[in-house]
Amino acid sequence: MIERIVIIDNVDPICFYGVNNANMQLIKNLYPKLRISARGSVIRVIGEDRETSDFEAKIKELSAYAERYNSLTEDVILDIVKGEGPKVQKRDGVIIYGINGKPIQGRTPTQQKLVETVGENDLTFALGPAGTGKTYIAIALAVRALKNREARKIILSRPAVEAGEKLGFLPGDMKDKIDPYLQPLYDALEDMIPAVKLKEYMETKVIQIAPLAFMRGRTLNDAIIVLDEAQNTTTHQIKMFLTRLGMNAKMIITGDVTQIDLPHKTQSGLVQALKVLDGVPGVGRVEFGKKDIVRHHLVQRIVEAYEKHDEEEAAAARAAAAAREALEAAEAKLNED
């Protein structure tokens, strides 16, 4: 009798073992001659050499499938164990498979362009209104790079700027105080990485989420770095952030220059960076429009309504300014006479 140990450390145990260990029970039923026990990411098997060897190979194949697709069903287990291979429907353009095997991909031509641009450049700006999926696609690309071993860590950051309201004193430690600003980043990650695995990544700092102020002094190597809401950076902040880029690293900067929450007369670092870095090799730029909005259909109408309102206000301001100039010119002429 031989004992073998199989480690499935790159897959979420809940996904692999199934609800109430249903998947593991099925695997045990398919290998009735083996003594199998599983705890956490460790599976122990005792039996004849040939059967345990086959078991180990099949478990590794099942683990690879579960890691890639974030799903493991009874049909897939049966197909792999029987040696038929899983019947996977090919999907073009899938970035990664999220929770429960949900395919995450570019849903619009501009989202797909962002995927291609990030692949071609080490620094990419993704610009556009709310709801276009800029941040979501950027984080999906970061998770893919981590799963494919193209990067060792993911760094996600945002400037901690209040959107017009004063939040006052926030109780708790530093994490409690800054988490409300970073919640949208957590939301995206929770869509893509099983809870147990995400907690492990956070605890081991494979995934780091921090406000922009915490980036000073760091050099970020072997990483995918995403800066969200970059329109709320100052000119000094974004220069500091951009110069954190290390070896074998990529940066994705997302922002909406129509939603700047900085104090009055403070220049947006994103607006300045777009001018300064225009035409620099290795810097990509993708611009989203209201047609790329993939949230509730009403969001697109809201964006259009505000654009119309802003245009009307700008036209009224121009008309008022022209009227003032005409009045001043008329008064000057009267004074001359």
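Look above for the structure.
Residues numbered from 1 in each chain as written. Predicted model: local features only at pLDDT ≥ 70, side-chain atom pairs only at ≥ 80, totals over all residues. Heavy atoms only, no water.

Novice: Please explain the environment of T234 as it appears in this structure.
Specialist: Within the element layout of this structure, T234 appears in the loop between β9 (223-227) and α9 (235-242). For the pair T234 and V271, spaced 37 residues apart in the sequence, the C-alpha separation amounts to 9.5 Å. In this view, T234 contacts L262, T266, Q267 and G269; residues no more than four positions away in its chain are not counted. (Helix = DSSP H or I, 4+ residues; strand = E, 2+ residues; numbered from the N terminus. Contact = heavy atoms within 4.5 Å.)

Novice: I keep staring at the pairing of β9 and nothing clicks. Help me out?
Specialist: When a strand is regular, its side chains alternate between the sheet's two faces. Taken across its 5 residues, β9 has 5 buried, putting it largely inside the fold. The two faces of β9 match: A223, I225 and L227 on one face and I224 and V226 on the other face are all buried. Here strand β7 (residues 153-158) runs beside β9; their pairing, made up of 5 bridges, is parallel. If you follow I154 over to β9, its bridge partner there is I224. Where β9 meets strand β10 (residues 250-255), 4 bridges bridge the pair, whose relative direction is parallel. Considered in β10, the bridge of L227 is made with I253. Traced from β9 through α9 to β10, the parallel crossover comes out right-handed. (Buried < 20%, exposed > 50% of the residue type's maximum accessible area, 1.4 Å probe, protein only. Pairing = 2+ DSSP bridges. Right-handed = clockwise from strand over helix to strand, strands pointing away.)

Novice: How do you make sense of the environment of D292 when you look at a structure like this?
Specialist: When you line up the elements, D292 lands in the loop between β11 (283-287) and α11 (297-336). You can call D292 buried: its relative accessible area is 9%. Note: C-alpha distance between D292 and G133 (159 residues apart in sequence) is 8.1 Å. Setting aside its immediate chain neighbours within four residues, D292 contacts T108, T110, G131 and T132.

Novice: Whenever I open this one, the sheet that holds β10 confuses me. Can you help?
Specialist: Whenever strands of a sheet pair, they do so through backbone hydrogen bonds, lying parallel or antiparallel. If you walk across this open sheet you meet the 6 strands as β8-β7-β9-β10-β6-β11, and the pairing is parallel. The sheet terminates laterally at β8 (207-211) and β11, the two strands that pair on one side only. Pairs of neighbouring strands in the sheet enclose a mean axial angle of 15 degrees, with direction left out of account. Along the sheet, helix α5 (residues 109-120) makes contact with β6 (123-127), β10 and β11, crossing β11 at roughly 175 degrees. Helix-sheet contacts for α9 involve β6, β7, β9 and β10, and the interaxial angle to β10 is about 155 degrees. (Axes fitted to C-alpha atoms, helices over the stretch in contact; angles between N-to-C directions.)

Any functional reading would require information beyond the geometric quantities listed.
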